Number of protein chains: 2
Amino acid sequence: MEELFSDEPDDTREAIMQATYHALCRHGYAGLTIQRIGDEFSKSKSLLYHHYDGKDELLLDFLAFMLSYYEETLPEQSYDDARDHLEAILDHALAPDRGAERDEYAAAIVELRAQAATDENYHEHFSRSDRFFRDRLADVVTTGIDQGVFRETDPDRTAAFLLTTMNGAMTRRATTDAAESLADVRRELQAYLETSLYAEVSE
Amino acid sequence: MEELFSDEPDDTREAIMQATYHALCRHGYAGLTIQRIGDEFSKSKSLLYHHYDGKDELLLDFLAFMLSYYEETLPEQSYDDARDHLEAILDHALAPDRGAERDEYAAAIVELRAQAATDENYHEHFSRSDRFFRDRLADVVTTGIDQGVFRETDPDRTAAFLLTTMNGAMTRRATTDAAESLADVRRELQAYLETSLYAEVSE
């Protein structure tokens, strides 16, 4: 995210998305107001009120923007070996220390996700996002099977399992002081991959 | 929870906790007010305002009450075999269909947990609760090692991994339409237990 929002925005929508990102990192969802998004915005604040009826409409547009960004950029990541790809994803998700900005952003996403417990628009977004990330993980597993480096497992099942664990890690990191225990989770996931997913190599 | 709150409450605090539980199931956190908790309360609503300064103070007391309940009741559960115990916990957490009331309550807990992303009182509660459930899972693993039915693994590491996956399942269930994929997660966890945790039995 730091990379996505570090350049000058190309147009008004991107400028609004950038201001929303910085306001989310700074205030979280609970403390967010359109006014505070406006404080991060270089153009006239009236543009925000013109485009959006309220904070949640703006945030749902922000979430859709982020998902489009992942849809465009994630499939481009290329790794020669599916094992390297999968481990890079897990290292990224489960690193015990990821820097303040990433933690602040992830904590805000945990708050936004919780809105989906009662708000059908958020529920629809997070259902799409869950499906998308699950399919991408399944793609990596399928690639690994095709490469002969993974066993003939069910890619959807493996993907559902990995996504669930990453999701739990994100929630525990944002809501408890147990971040240090994520190193244990990463090690146990590695043991799982080695015994359940990676093909045995005959030397 | 249905069992805990189905009897007549013993005292005023228990009556308040029962009303809070029912109001949380009905309205979630976002829609909750002291007034709405009062609507579920058989005694005078002024008691609520007398005891609590606001909705969050009441909810934090409710979360502490629930954690005390688990602290008193969970260690009593006895299973002859640690495998049966662990699988009962996972079946309970990951059942695809658990009934409306349990899902409503779990969704409200997901919302309450998200408050911990920005509120230090919630953060302190969910850190305690995370530690408690992790320790109870580690106890089950230790018991299984002592019984000779589990391998000599690191109980804390296994517990951190299982808790993270259960936590992710709870979040995905409450915030997406992916509940059916939890059956996949349960199956994959079973494969993990069988290859990584359960001792090999020599026949």
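Above this note sits the structure.
Residues numbered from 1 in each chain as written. Chains lettered and ligands numbered in written order. Predicted model: local features only at pLDDT ≥ 70, side-chain atom pairs only at ≥ 80, totals over all residues. Heavy atoms only, no water.

Chemist: Which residues make up the overall build of chain A, and what are the values?
Modeler: Along the backbone of chain A there are nine helices and zero strands. Secondary structure elements in chain A, listed N-terminal to C-terminal, are α-α-α-α-α-α-α-α-α. Within the span of chain A, comprising 203 residues, buried residues form 51% of the whole. Looking at chain A alone, contacts between residues at least 24 apart form 68% of all its contacts between residues at least 6 apart. (Helix = DSSP H or I, 4+ residues; strand = E, 2+ residues; numbered from the N terminus. Buried < 20%, exposed > 50% of the residue type's maximum accessible area, 1.4 Å probe, protein only. Contact = heavy atoms within 4.5 Å.)

Chemist: How would you summarise the packing of helix α1 (residues 12-27) of chain B against helix α6 (residues 100-115) of chain B if you had to cite specific residues and measurements?
Modeler: In helix packing, the relevant descriptors are the interaxial angle and the interaxial distance, both defined with respect to the helix axes. Residue and element names in this part refer to chain B. Where α1 contacts α6, the axes come no closer than 8 Å and their chain directions differ by 90 degrees. Of the possible angle classes, the one that applies to α1 and α6 is roughly perpendicular. Seen from α1, the contacting residues are Tyr21, Leu24 and Cys25; seen from α6, they are Glu101, Glu104, Tyr105, Ala108 and Leu112. The residue inventory of the contact of α1 with α6, partitioned by class, reads six nonpolar, no polar and two charged. (Axes fitted to C-alpha atoms, helices over the stretch in contact; angles between N-to-C directions. Parallel < 35°, antiparallel > 145°, perpendicular 65-115°, else oblique. Nonpolar A, V, L, I, M, F, W, Y, C, P; charged D, E, K, R; others polar.)

Chemist: So what's going on with the pattern of salt bridges? Residues and values would help.
Modeler: Under the criterion given, the structure shown has 28 salt bridges over all chains. Between lysine 45 of chain B and aspartate 39 of chain B there is a salt bridge, and its shortest N-O distance comes to 2.9 Å. A relative accessible area of 31% means that lysine 45 of chain B is categorised as partly exposed. When salt bridges with common partners are traced through the structure, they connect Asp130 and Arg134 of chain A together with Arg172 of chain B into a single cluster. (Salt bridge = Lys/Arg side-chain N within 4 Å of Asp/Glu carboxyl O.)

Chemist: Can you lay out the packing of helix α4 (residues 55-73) of chain A against helix α7 (residues 120-147) of chain A for me, pointing to particular residues and giving the numbers?
Modeler: Residue and element names in this part refer to chain A. Here α4 crosses α7 at 10 degrees, and the two axes come no closer than 11 Å. Overall, the two elements α4 and α7 adopt an arrangement that is roughly parallel. Here Asp56, Leu59, Leu60, Leu63, Ala64, Leu67, Tyr70 and Glu71 of α4 lie close against α7, whose contacting residues are Asn121, Tyr122, His125, Phe126, Arg128, Ser129, Phe132 and Phe133. Residues of the contact of α4 with α7, tallied by class, amount to ten nonpolar, three polar and three charged.

Chemist: Residue-level account of the relation of the copies chain A and chain B, with values.
Modeler: Mapping chain A onto chain B calls for a rotation angle of 180 degrees and an axial translation of 0.0 Å; the resulting RMSD is 0.0 Å. Here the two chains are linked by the operation of a two-fold rotation axis. Among all C-alpha atoms of chain A, that of glycine 168 of chain A lies closest to the rotation axis, at 1.8 Å. (Least-squares fit on C-alpha atoms with pLDDT ≥ 70 in both.)

Chemist: Describe helix α4 (residues 55-73) of chain B, and please don't skip the residues or the numbers.
Modeler: Residue and element names in this part refer to chain B. Relative to the 27 Å expected for 19 residues at 1.5 Å per residue, α4 spans 27 Å between its end C-alpha atoms, a close match to the ideal helical length. Among the residues making up α4, those that are buried are Lys55, Leu58, Leu59, Leu60, Phe62, Leu63, Phe65, Met66, Leu67 and Tyr70. Tucked inside the fold, the buried residues of α4 contact α1, α2 (34-39), α3 (46-51), α6 and α7 (120-147). (Expected span 1.5 Å × (residues − 1).)

Chemist: So what's going on with the interface of chain A and chain B? Which residues, and what values?
Modeler: Residue-level contacts link 45 residues of chain A with 45 residues of chain B. Both sides together, the interface formed by chain A and chain B hides about 3700 Å², and carbon and sulfur atoms give 59% of it. Taken as a group, Arg157, Phe161 and Glu188 of chain A account for 18% of the area that chain A buries against chain B, more than any other trio of residues on that side. Remark: the boundary between chain A and chain B carries four salt bridges. Notably, a salt bridge pairs arginine 172 of chain B with aspartate 130 of chain A, separated by 2.7 Å at the nearest N-O pair. Remark: the boundary between chain A and chain B carries 17 residue pairs in polar contact (both at pLDDT 80 or more). Looking at which element gives the most residues to the side of chain A that touches chain B, the answer is helix α8 (residues 155-175) of chain A, with 15 residues. Residue classes in the side of chain A that touches chain B are distributed as 17 nonpolar, 16 polar and twelve charged. (Buried area = accessible area lost by both parts, 1.4 Å probe. Polar contact = N/O pair within 3.5 Å; in protein donor to acceptor, adjacent residues only side chain to side chain.)

Chemist: Before we move on, could you go through the nonpolar core and cite the residues and values that matter?
Modeler: One finds Leu86, Leu90, Phe150 and Leu162 of chain A together with Leu86, Phe150 and Leu162 of chain B to be the most contacted residues of the largest nonpolar core, which totals 52 residues. Where this core is concerned, the elements lending two or more residues are α5 (82-94), α7, α8 and α9 (182-197) of chain A together with α5 (82-94), α7, α8 (155-175) and α9 (182-197) of chain B. Setting aside residues no more than four positions away along its own chain, leucine 86 of chain A makes contact with Leu137, Val140, Phe150, Leu162, Leu193 and Leu197 of chain A. (Core = buried A, V, L, I, M, F, W, Y, C linked by side-chain atoms within 4.5 Å.)

Chemist: Tell me about α8 of chain A, residues and numbers included.
Modeler: Residues and elements named next belong to chain A. The end-to-end C-alpha distance of α8, which contains 21 residues, comes to 30 Å, matching closely the 30 Å that a straight helix rising 1.5 Å per residue would cover. Most of α8 sits inside the fold, with 18 of its 21 residues counted as buried. The distance from a side-chain oxygen at the start of α8 to the backbone nitrogen of aspartate 156 is 3.0 Å, and the residue carrying that oxygen is aspartate 154.

Chemist: Tell me about a negative patch on the surface, and name the residues and values.
Modeler: On the surface, Asp7, Glu8, Asp10 and Asp11 of chain A cluster together into a patch of negative charge. On the secondary structure map, aspartate 7 of chain A appears in the segment before α1 (12-27). (Patch = residues over 30% accessible without salt bridge, like charges linked within 9 Å, V, L, I, M, F, W, Y side chains within 5 Å. Areas by Shrake-Rupley, 256 points an atom, 1.4 Å probe, with all protein chains shown as cover. Lys, Arg positive; Asp, Glu negative; His and termini not counted. Charge placed at Lys NZ, Arg CZ, Asp CG, Glu CD.)

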